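Inside the fold
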Amino acid sequence: MKFLVRVIEAKNIPPTDPNGLSDPYVKLQLGRQKFRTKVVKKTLNPSWGEEFSFKVDDLNEELVICILDEDKYFSDDFVGQIKIPVSKVFEAENNSLPSAWYSLQPRNKRSKNKECGEILLSMNFSQNYSSMDIFCNDDAYSTKSGDMTPDPPSRISSVPSTFPSPVRQEDSVFSKEEKLSQQKSLASRIAQIFNKNSDSSSNASSKYTDSLDIPETSRSEVSDDKSEEQSSSLSFEEAMKLMESKDQGIEAPSNLPGGILIDQLYVIAPAELNYLLFAPDSTFPMSLADAQGSTDLQVGQWKFENDGKTLKRIFSFVKAATKLLKAVKATEEHTYLKADGKTFAVLSSVSTPDVMYGSTFKCEVLYRITSGPELQSGEQCSHLVISWRMNFLQSTMMKGMIENGARQGLKDSFEQFASLLDETVKRVDSKDMGLNKEQLLASLQAEPQSDWKLAAQYFANFSVILTVFMGIYVLVHIWLVAPSVIQGLEFVGLDLPDSIGEFIVCGVLVLQGERVMHLISRFMQARAQKGNDHGVKAQGDGWLLTVALIEGTNLAAVDSSGFCDPYVVFTCNGKTRTSSIKFQQSDPQWNEIFEFDAMDEPPSVLDVEVYDFDGPFDEATSLGHAEINFVRSNVSDLADVWVPLQGKLALACQSKLHLRVFLNNTRGGNVVREYLSKMEKEVGKKINVRSPQTNSAFQKLFGLPPEEFLINDFTCHLKRKMPLQGRLFLSARIIGFHANLFGHKTKFFFLWEDIEDIQVVAPTLSSMGSPIIVMTLRPGRGMDARHGAKTQDEEGRLKFHFQSFVSFGVAHRTIMALWKARSLTPEQKVQIVEEESEAKSLQPEENGSFLGLEDVSMSEVYSAALPVPTSFFMELFGGGELERKAMDRAGCLSYSFSPWESEKADVHERQTYYRFDRRISRYRGEVTSTQQKLPLPDRNGWLIEEVTTLHGIPIGDYFNLHLRYQVEDLPSRPNCCQVRVYFGIAWLKSTRNQKRITKNILVNVLDRLKVILAVVEKEFIAR
């Protein structure tokens, strides 16, 4: 059945261009059929007068008509839309709706512009069911109602809609049975037409098509639509085979620069892993959506585009709401970049237009599946690497904030992705791979090369050959000629050049001879340096580091010969190991093994530097460098790794080194206790070994390897623009900070070796009377933690300020001891030990294990209607006379506060400090708190949140207090407000007396609250 729609004109379209006008055009869609009109330039009352024909198979579909404004450089602007059920036209008189004006609607109810203009349309069903009409409709030709002469073909988009058309349930004069019978009769009638006139229809259609002058765009779009219909009939396996047959041997794309989200080996064939992740009938996407709380999952079919060159699909879902963002719809466009049966690469372009600035960027995620190494069991394994980057479509000042938000969101999402994949597919264990140290190192054998072979390879260049030829030529000349007559300034034994030509020839010979002698000297020195550290066995017990240098690729050439003479220097904990020199090679093969003597502490970083040898007295040229961070890497992943080199020359040539790195602890489980015992002498305080559960929580919090163990943790404030209350974690290799304040998480860490200096600043008013520990990092170090730094100097040194420690003395001694153990030279350590050799008594460490920083459960503890207006009550947090009187009456001495500062729109934050009166607490402890206020959503009140830390009282380091004040107007009672107070405790360490402590604190809080509210009422009456 043919459905004809005539788009006549529109009026009162809102302007979208800076000139106050628009360039409007109309898009029409019915199911998978799409059309669009021409663009009318610079007008708000456009006229089109175009007619389009649709093929109708389902009367429950809706016709969607949108008006858009064409934009030359950016995406087209949405103006307005209207949706018309096809059944409404079919049920009208004569199956048609006459010309009428329809009001355009905004895209959603939240749109600011509610007036979108009007559009004039007419719609009707054609009663002609000849085979010609049906074929013309299939080829997207539009015809006038009741006329057999076709108009020029209308354009249809080559990309069909992936999602089903929305269905509107409306009352109808027809019952469901009558509609079904009508559809069946329509289908049978079309089948009869096709069966009766199959040959004649096809001939007529082909002749008719040839006689028309079809534009190129229409032909390509029609062919694309046919290819899509053909690809939709293919199964996923057939599509993969077709992609494999079309593969031209191109390399898989490299990882995206945003970072690596997942890099893991799985015991599954690459093709099977590809099927699990991307097949339409796979249950993995649905399970992942359930785990992440996503809804409305719609998985489109894979379709070939661009004449079968690319395979794409649309994948959409509604992402679950978080504390900061509401639920938003996300659309992913998946595109296969490579699929050859062993290697698969899929690029996912994710768009979220409903979020703030969502139209300015897209997030791109690359899935790379390659074949992994051979397993001992004979099973196949796959290497899955997922990387990402941000693609900004428009420039925006919020680029940094968008990237940080996307990075955190992707990290959380793919942690769930990895967890679910681990439950579905087994990860490759080092035992399965046979990646044990002995087997891998036994397979490495350095190829012996004779000195004569190396000399022939090294000296076989044009410069040496030319010098030798010139020398032989001169010697033959001397043998053939007679001695010259002594003349000029010559005397017996001194024969000077007799012409300018002879002088030049002598100079060339001297320069060439000097160059050859320099080459010989370099060669002899390099041979003396050959493999001086290769095969040297490590000494002692502890942390044993072994590095196998296998090969290098694409090393930069610094000589005119186009090659280099590379060697590699490894540095770890102040000790170096140097490889042999490979002459005249850009892709050298070493196969050399280096062992570092056992270390008491686990190493943090292995520095790798590649040099070009240029003689014993010349400064070596750096060909590139790299850093292997043992804290950020899993040791098992380093058993066979390609390390990309950094530096101008290395980046230009994409240089890499193939290494195998092993880190073993030969002391077993005693290494932790021995290290802590040594730290106890430095700190002067007993340090207990943390439980495996505590260490596991610590490792998971910062993403650390299993060998990292927690030494101590302290509550403190991180000073940036505003103090941020959190917790400082100390381990053998890192110092980390974590805060979860009002739902905003801050987390970072850096290495002890990155710290250049630690200083203590005297207490100030801004530090709430607490000393400040200032840590200054080395230039260019710790850049991953720069969001926590207070300042950065011109040389790139980051400075971190920590203050308000509960036990400042213990925290300072522990920090200094760990820093000295990792960063100072042996001579400096001996000097410090001699200066601090006096005996120190060991004090018992506080009990309790770290529980982690989670969201606090808040419960309502107070609710009352106060006879004061909200504006007056808020003076309690305004820093004026009322606040000071109330806090003084409540027993808060030396009360001070910082001014309110804006954190973001409508959100302000400040810090407060006071001491308890003896009648409140016999310990007279100190209190530091962070307050945040923001208006309620309906703007009829305020929400104040407060996080409080107690200092100088027993077990004050075990918990934080959380208070929430909700103040709002009472419409029924003028000059009154409703006050609700919520209370919660965030336990940082475990204790047996949690219930008793909670009860004691709650009683104290309620008593002080009643006193404060009584002062507010009294002051309001007095005014």
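Calculation criteria
- Residues numbered from 1 in each chain as written.
- Predicted model: local features only at pLDDT ≥ 70, side-chain atom pairs only at ≥ 80, totals over all residues.
- Heavy atoms only, no water.
- Helix = DSSP H or I, 4+ residues; strand = E, 2+ residues; numbered from the N terminus.
- Buried < 20%, exposed > 50% of the residue type's maximum accessible area, 1.4 Å probe, protein only.
- Contact = heavy atoms within 4.5 Å.
- Areas by Shrake-Rupley, 256 points an atom, 1.4 Å probe, with all protein chains shown as cover.
- Patch = residues over 30% accessible without salt bridge, like charges linked within 9 Å, V, L, I, M, F, W, Y side chains within 5 Å.
- Salt bridge = Lys/Arg side-chain N within 4 Å of Asp/Glu carboxyl O.
- Pairing = 2+ DSSP bridges.
- Axes fitted to C-alpha atoms, helices over the stretch in contact; angles between N-to-C directions.
- Phe/Tyr/Trp six-rings, centres within 6.5 Å; stacked < 30°, edge-to-face > 60°.
- Lys NZ or Arg CZ within 6 Å of the ring centre and 35° of its normal.
- Core = buried A, V, L, I, M, F, W, Y, C linked by side-chain atoms within 4.5 Å.
- pLDDT = per-residue confidence, 0-100.
- Parallel < 35°, antiparallel > 145°, perpendicular 65-115°, else oblique.
- Left-handed = near helix turned anticlockwise from the far one by under 90°.
- Nonpolar A, V, L, I, M, F, W, Y, C, P; charged D, E, K, R; others polar.
- Expected span 1.5 Å × (residues − 1).
- Arc of directions from axis to C-beta.

Turning to the overall build of the protein, a few remarks are in order. Looking only at helices and strands, one finds 22 helices and 40 strands in the protein. The 1023 residues of the protein split such that 46% are buried. Considering only intrachain contacts with a sequence separation of at least 6, the fraction spanning at least 24 residues in the protein is 62%. Put simply, the protein shows about 52800 Å² of open surface, and 52% of that area lies on carbon and sulfur atoms.

Below, the discussion takes up unusual backbone geometry. The phi dihedral of Asn12 falls on the positive side, at around 55°, and the residue is not glycine. Of note, Asn12 is situated in the loop between β1 (2–11) and β2 (24–30).

A cluster of nonpolar residues, Val468, Ile472, Val476, Trp479, Leu480 and Val481, forms a patch on the protein surface that exposes about 650 Å² of accessible area. Along the polypeptide, Ile472 turns up in helix α13 (residues 462–480).

Right, let's talk about the sheet that holds strand β4 (residues 47–55) for a bit. Across the sheet, 4 strands lie side by side as β4-β1-β8-β7; this open sheet has antiparallel pairing. This sheet does not close on itself; its edge strands, each paired only once, are β4 and β7 (96–103). Taking each pair of neighbouring strands and ignoring which way they run, the sheet shows an average axis angle of 20°. When β1 meets strand β8 (residues 118–126), the two strands line up antiparallel, connected through 9 bridges. Among the inter-strand pairings, Glu9 is bridged to a residue of β8, identified as Leu120.

Before going further, it helps to examine the pattern of salt bridges. Evaluation of the coordinates by the stated rule reveals 18 salt bridges. Arg781 is the salt-bridge partner of Glu627, the closest N and O atoms lying 2.8 Å from each other. Placement of Glu627 in strand β22 (residues 621–629) and of Arg781 in the loop between β30 (772–777) and β31 (791–792) is noted, with a sequence separation of 154 residues between them. Take Arg781: its relative accessible area is 26%, and that puts it in the partly exposed class. Each of Glu756, Asp793, Glu795 and Arg797 takes part in salt bridges that share partners, so that together they form one network.

Evaluated as defined, the whole model comprises 35 aromatic pairs. Geometry around Tyr25 places Arg36 over its ring, the cationic atom sitting 4.0 Å from the centre. If you follow Arg910 out to its NZ or CZ, it ends over the ring of Phe897, 5.3 Å from the centre.

This part takes up the nonpolar core. Core analysis: the largest hydrophobic core is formed by 45 residues, its most contacted members being Leu277, Phe278, Tyr336, Leu384, Phe417 and Leu421. No other element matches helix α9 (residues 399–424), which puts 8 residues into this core. Excluding its chain neighbours within four sequence positions, the residues that come into contact with Phe417 are Ile262, Leu277, Phe284, Leu288, Tyr367, Leu384 and Ile386. Within the second largest apolar cluster, 41 residues are counted, among which are Tyr914, Val927, Ile985 and Val1015.

Take the pairing of strand β28 (residues 744–751) next. Two strands pair when backbone bridges link them, and strand β27 (residues 734–741) and β28 are joined in this way by 8 bridges, in the antiparallel orientation. When the bridges of β28 are listed, Leu741 appears paired with His744. Where β27 hands over to β28, the hairpin turn is made up of 2 residues, of which Phe742 adopts a positive phi near 55°.

It is worth spelling out the confidence of the model for the protein at this point. For the protein, mean pLDDT is 77; residues scoring 70 or higher make up 78% of the total. Note that pLDDT drops below 50 for residues 128–224; the model gives that stretch 130 contacts with residues more than four away or on any other chain. Across residues 836–854, where pLDDT falls below 50, the model places 48 contacts with residues more than four positions away in sequence or in other chains.

Relative orientation of the contacting elements helix α6 (residues 236–246) and helix α7 (residues 270–278) amounts to 125°, with a least axis distance of 12 Å. Taken together, the axis directions place α6 and α7 in an arrangement best described as oblique. Classified by chirality, the crossing of α7 by α6 is right-handed. Residues Phe236, Glu237 and Met240 of α6 lie in contact with α7, whose contacting residues are Asn274, Tyr275 and Phe278. Grouping the constituent residues of the contact of α6 with α7 by class yields 4 nonpolar, 1 polar and 1 charged.

A few words on α9. With 26 residues, α9 extends 37 Å from end C-alpha to end C-alpha; this agrees with the ideal 38 Å at 1.5 Å per step. Those residues of α9 that fall on the buried side of the exposure criterion are Ile402, Ala406, Leu410, Ser413, Phe414, Phe417, Ala418, Leu420 and Leu421. Buried residues along α9 sit in contact with β9 (259–266), α7, α8 (284–292), β12 (310–319), β15 (361–371) and β16 (382–392).

Where α8 meets α9, the closest approach of the two axes is 10 Å, and the angle between their N-to-C directions is 130°. Relative to α9, α8 is oriented oblique. Taken as a pair, α8 and α9 cross one another with a handedness that is right-handed. Contact residues: Phe284, Ser287, Leu288, Ala291 and Gln292 in α8; Ser413, Gln416, Phe417, Leu420, Leu421 and Thr424 in α9. Of the residues in the contact of α8 with α9, the class split is 6 nonpolar, 5 polar and no charged.

Inspection of the secondary structure puts Asp71 in the loop between β5 (62–69) and β6 (77–85). According to the relative accessible area criterion, Asp71 is partly exposed, its value standing at 24%. Along the backbone, Asp71 and Asp23 are 48 residues apart, and their C-alpha atoms lie at a distance of 7.9 Å. Among all residues touching Asp71, those that are not within four sequence positions of it are Asp76 and Asp77.

Turning our attention to α8. Given 3.6 residues to a turn, an α-helix orients residues that are three or four positions apart in the same direction. All of the buried residues in α8 are Phe284, Pro285, Leu288 and Ala289. Buried residues along α8 cover an arc of 135° about the axis, so they all sit on one side. Of the surrounding elements, those touching the buried residues of α8 are α7, β10 (295–299), β12 and α9.

Turning next to the sheet that holds strand β24 (residues 656–665). Spatially, β20-β17-β24-β23 is the arrangement adopted by the 4 strands of the open sheet, whose pairing is antiparallel. Strands at the two margins of the open sheet, each flanked by one partner only, are β20 (589–599) and β23 (641–644). Each adjacent strand pair in this sheet contributes to an overall mean axis angle of 30°, direction not counted. In this sheet, β24 lies alongside β23 in antiparallel orientation, the contact comprising 4 bridges. The residue of β24 that forms the bridge with Pro644 is Lys656.

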